[in-house]
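Each chain is listed here by its residues.
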Amino acid sequence: RAIEKAREAGWLIICIQHVTSPYGAFCAPDSEGVNIHPDIFAPLLGAPIIVKEADSFFETSPEALLKDMANELYLTGMLTQNCVAHTARSLKAHGLKVHIIAEDCAAPMKALSKMALYVLKIRLSV
């Protein structure tokens, strides 16, 4: 729903795909874990996909896509405690007003996601 609402509002939508080294346990290249779920992939409708291993700004280039956009960034995804949290607190996100769409974040356990969001509320809009 968040992707569809963003598209209706004319916002820039960027998909970030987590891919680890070939020795990674879950998101290794060409593994099932690295695939973007069809329910997420379908509404992306040609949005740019940035592949990352750490936070979404580390050794990637989303800021090139964001440079002409507003100074606000809305994040959602999985894993709340890793990918979402590290991207939200990235040094390269400095200067952007970061918001996290909590209802669309996920972690292996709901309690883990809730705990990460609780900590993020101290510095960000959740």
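Below: a short report on this structure. Just so it is clear, the model here is predicted, and its values are computed rather than measured.

Helix packing for two helices is described by the angle between their axes and how far apart those axes are. Where helix α4 (residues 80-88) contacts helix α5 (residues 110-120), the two axes come as close as 9 Å, and the packing angle between them is 20 degrees. In terms of their interaxial angle, α4 and α5 are classed as roughly parallel. Judged by the sense of rotation from one axis to the other, the crossing of α4 with α5 is right-handed. The segment α4 lies against α5, with Thr80, Gln81 and Ala85 engaging Leu112, Ser113, Ala116, Leu117 and Leu120. Grouping the amino acids of the contact of α4 with α5 by side-chain chemistry returns 5 nonpolar, 3 polar and no charged.

A few words now on α5. Among all positions in α5, only Ser113, Ala116, Leu117 and Leu120 are buried. For α5, the buried positions fall inside an angular range of 100 degrees around the axis, keeping them on one side. Seen from the buried face of α5, the exposed residues on the opposite side, beyond 90 degrees, are Ala111, Lys114, Met115 and Tyr118. Its buried side turned inward, α5 meets α4 and β4 (97-100).

Parameters and conventions
Residues numbered from 1 in each chain as written. Predicted model: local features only at pLDDT ≥ 70, side-chain atom pairs only at ≥ 80, totals over all residues. Heavy atoms only, no water. Axes fitted to C-alpha atoms, helices over the stretch in contact; angles between N-to-C directions. Helix = DSSP H or I, 4+ residues; strand = E, 2+ residues; numbered from the N terminus. Parallel < 35°, antiparallel > 145°, perpendicular 65-115°, else oblique. Left-handed = near helix turned anticlockwise from the far one by under 90°. Contact = heavy atoms within 4.5 Å. Nonpolar A, V, L, I, M, F, W, Y, C, P; charged D, E, K, R; others polar. Buried < 20%, exposed > 50% of the residue type's maximum accessible area, 1.4 Å probe, protein only. Arc of directions from axis to C-beta.

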